[in-house]
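Coordinate inspection notes
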Amino acid sequence: MKMLQAQQLIGEFGLPYFRGLASFGALSDEAITDLITQGKVISLKQGEVLQTYEDEVQGFHIVLLGNIAFYKHCEERDVLTRHFLAGEQIGFDTMIGLIPNSGTEVAFTDTIVLRISNDQFFTLHQDYSDDFGLFMINLARELSREIAMLEDVIGKSTGWLIE
């Protein structure tokens, strides 16, 4: 795990790249720049662990590039339940729910993530209230998609879906 310089990353990828990521959709350039420069940009090599089961949650992550595999801890086992790709958030649900991390997050490929702390999230609300509202809609939309995906998995595995 290695910390990257935010300004260098913005220069390398350009703001249009970040604007195209689902979590940042419709946010102003100023808010996106603030999120990246005030957050922690982390580079992970394939196989490196971002967070482990029951880690204290002090924020959440957005995948900027790459793929994070999430292994849900269930009945003393870690089960791969999904992959988080560029633009998707990891851990927003546990941050909002005030619960410990529910699994282990591992870089499936070389990956870059942005860590947004609880304090930074609150400061975004104060400094960029309009963008904060859009950001919340983006994060809620992604959570909604996750719920729909999980409902499909449950339905298909239990035979509850009517075809």
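You'll find the structure just up there.
Further remarks concern the overall build of the protein. Along its length, the protein carries six helices and nine strands. For the protein, whose C-alpha radius of gyration is 16 Å, the value lies close to the compact-globule estimate of 15 Å for 163 residues. Taking all 163 residues of the protein together, 41% fall into the buried category. Look at the contacts in the protein between residues 6 or more apart in sequence, and 76% of them connect residues 24 or more apart. Computing the positive centroid from 11 side-chain charges and the negative centroid from 24, the protein places the two 5 Å apart.

Moving on, we come to the sheet that holds strand E3 (residues 49-51). If you trace the four strands from one edge of the open sheet to the other, you get E3-E8-E5-E6, paired in antiparallel fashion. What marks the edges here is a single partner per strand, and that holds for E3 and strand E6 (77-85). This sheet shows a mean twist of 30° between the axes of neighbouring strands, independent of strand direction. Note: strand E5 (residues 67-74) against E6, eight bridges, orientation antiparallel. What sits directly across from His73, in E6, is Asp78.

This part takes up the nonpolar core. Side chains that are nonpolar tend, in soluble globular proteins, to be buried together. Core analysis: the biggest nonpolar cluster contains 26 residues, and Phe18, Phe24, Phe60, Leu64, Phe121 and Phe135 have the highest contact counts within it. Looking at this core, the elements with two or more residues in it are helix H1 (6-13), helix H2 (15-19), helix H3 (29-38), strand E4 (59-65), helix H4 (92-97), strand E9 (111-117), helix H5 (118-127) and helix H6 (129-158). Among the nonpolar cores identified, the runner-up in size contains ten residues, and Ile42, Val63, Ile68 and Phe70 belong to it.

Taken as a whole and assessed by the stated rule, the structure comprises ten aromatic pairs. Look at Phe13 and Tyr17: their rings are 5.0 Å apart centre to centre, the planes differ by 35°, and that puts the pair in the tilted class. Classification of Phe13 as partly exposed rests on a relative accessible area of 25%. Each ring, one from Phe70 and one from Phe84, has its centre 6.2 Å from the other, and the planes form 90°; the classification is edge-to-face. Placement of Phe70 in strand E5 and of Phe84 in strand E6 is noted, with a sequence separation of 14 residues between them. Each member of the pair, Phe70 as well as Phe84, is classed as buried. Following the ring pairs from residue to residue traces out a cluster consisting of Phe60, Phe92, Phe121, Phe132 and Phe135.

How each quantity is defined
Residues numbered from 1 in each chain as written. Predicted model: local features only at pLDDT ≥ 70, side-chain atom pairs only at ≥ 80, totals over all residues. Heavy atoms only, no water. Helix = DSSP H or I, 4+ residues; strand = E, 2+ residues; numbered from the N terminus. Rg over C-alpha atoms; globule rule 2.2 N^0.38 Å. Buried < 20%, exposed > 50% of the residue type's maximum accessible area, 1.4 Å probe, protein only. Contact = heavy atoms within 4.5 Å. Lys, Arg positive; Asp, Glu negative; His and termini not counted. Charge placed at Lys NZ, Arg CZ, Asp CG, Glu CD. Pairing = 2+ DSSP bridges. Axes fitted to C-alpha atoms, helices over the stretch in contact; angles between N-to-C directions. Core = buried A, V, L, I, M, F, W, Y, C linked by side-chain atoms within 4.5 Å. Phe/Tyr/Trp six-rings, centres within 6.5 Å; stacked < 30°, edge-to-face > 60°.

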